[in-house]
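Coordinate inspection notes
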Amino acid sequence: MTTWSIHRTAPDAADARVVLHEYMTEMVRRWHGRPERPGEVSAALAESPSDDLAAPTGLLLLARRDGRLAGCAGLRWRPSWAELTRVYVRPAHRGAGADRIRLDTRTDLVEARALYARHGYREIPAFNADRYAQHWFEKLLPARVDDVAVPR
């Protein structure tokens, strides 16, 4: 059985530096449509640093699959919103996660149920016996990049 874990870390921690460098390397390659040139990734990291992905301005999460570093995601706090950034999954781990998200809620949490429905969650039969659960929802995740709606 595959085990996934998520841990908050400092952007300057050794594993964070490794995965953020890999993230930026991929960003540089995709932007230019070619392999990165010497110094290009370091310049991009300096131009767009991740040091604010730590309290109080943000956070950085590292994902591990079976104990191996698998990816990262960051949040930057803004006055009334948060920015999701630095979302990266190492190639060997892409497509290896869950294919759906499930949750449960109560009847009296009307706003929560409306939020879930508005974001594509569908009500399903009970999948647990939580004593406070009265409604169960599921959202299927895209299996491939081609399945993701991209605005044009």
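In the block above lies the structure referred to throughout.
Residues numbered from 1 in each chain as written. Predicted model: local features only at pLDDT ≥ 70, side-chain atom pairs only at ≥ 80, totals over all residues. Heavy atoms only, no water.

Notes on the overall build of the chain
- Of regular secondary structure, the chain possesses three helices and seven strands.
- For the chain, the α and β elements follow one another from N to C terminus as β-α-α-β-β-β-β-α-β-β.
- Rg of the C-alpha trace for the chain: 19 Å, well past the compact-globule value of 15 Å for 152 residues, more than 25% over.
- Reported as C-alpha extents along the three principal axes, the dimensions of the chain are approximately 55 × 40 × 35 Å.
- Buried positions account for 27% of the 152 residues belonging to the chain.
- If you take every contact in the chain between residues at least 6 apart in sequence, the share linking residues at least 24 apart comes to 51%.
- Across the chain, the mean location of the 24 positive side-chain charges is 2 Å away from that of the 20 negative side-chain charges. (Helix = DSSP H or I, 4+ residues; strand = E, 2+ residues; numbered from the N terminus. Rg over C-alpha atoms; globule rule 2.2 N^0.38 Å. Buried < 20%, exposed > 50% of the residue type's maximum accessible area, 1.4 Å probe, protein only. Contact = heavy atoms within 4.5 Å. Lys, Arg positive; Asp, Glu negative; His and termini not counted. Charge placed at Lys NZ, Arg CZ, Asp CG, Glu CD.)

Some words on the packing of helix H1 (residues 14–32) against helix H2 (residues 40–47)
- Where H1 meets H2, the axes come as close as 9 Å, and the angle between the chain directions of the two elements is 105°. Between H1 and H2, the crossing angle belongs to the class labelled roughly perpendicular. For the pair H1 and H2, the contacting residues are Leu20, His21, Met24, Thr25, Val28 and His32 in the first and Glu40, Val41, Ala44 and Leu45 in the second.
- Residue classes in the contact of H1 with H2 are distributed as six nonpolar, three polar and one charged. (Axes fitted to C-alpha atoms, helices over the stretch in contact; angles between N-to-C directions. Parallel < 35°, antiparallel > 145°, perpendicular 65-115°, else oblique. Nonpolar A, V, L, I, M, F, W, Y, C, P; charged D, E, K, R; others polar.)

A look at the nonpolar core
- The biggest cluster of nonpolar side chains holds 14 residues, and the ones touching the most others in it are Val19, Met24, Val28, Leu60, Leu62, Cys72 and Tyr88.
- Listed by contribution, the elements that provide at least two residues to this core are H1, H2, strand E2 (58–65) and strand E3 (68–77).
- Ranked by residues supplied to this core, first place goes to H1 with six residues.
- When residues no more than four places from it in sequence are discounted, the contact partners of Val28 are Glu36, Glu40, Val41 and Ala44. (Core = buried A, V, L, I, M, F, W, Y, C linked by side-chain atoms within 4.5 Å.)

Side note on the pairing of E3
- In the sheet, E2 pairs with E3 via eight bridges, with the strands oriented antiparallel. Opposite Arg64, over in E3, you have Leu69 as the bridge partner.
- Counted between consecutive antiparallel strands, the loop separating E2 from E3 contains two residues, among which Asp66 sits at a positive phi close to 50°.
- Pairing analysis gives six bridges linking E3 to strand E4 (residues 82–89), with the strands arranged antiparallel. Among the inter-strand pairings, Cys72 is bridged to a residue of E4, identified as Tyr88. (Pairing = 2+ DSSP bridges.)

What to know about the sheet that holds E2
- The strand order across the open sheet formed by four strands is E1-E2-E3-E4, and the pairing between neighbours is antiparallel. Strands at the two margins of the open sheet, each flanked by one partner only, are strand E1 (4–9) and E4. Strand after strand, the sheet turns through a mean of 20° between neighbouring axes, direction not considered.
- Taken strand by strand, H1 contacts E1, E2, E3 and E4, and its axis lies near 90° from that of E4.

Re the layout of surface pockets
- Approximately 1,200 Å³ is the volume attributed to the largest pocket.
- For the lining of the largest pocket, the secondary structure elements donating two or more residues are E1, H1, E2, E3, E4 and strand E5 (100–105).
- A per-class count over the lining of the largest pocket returns 23 nonpolar, five polar and five charged. (1 Å grid on protein atoms, 1.4 Å probe; cavity = no way out; pocket = protein on both sides within 12 Å on 5 of 7 lines; lining within 4 Å. Points joined across faces, edges and corners; volume = space filled by probe spheres on them.)

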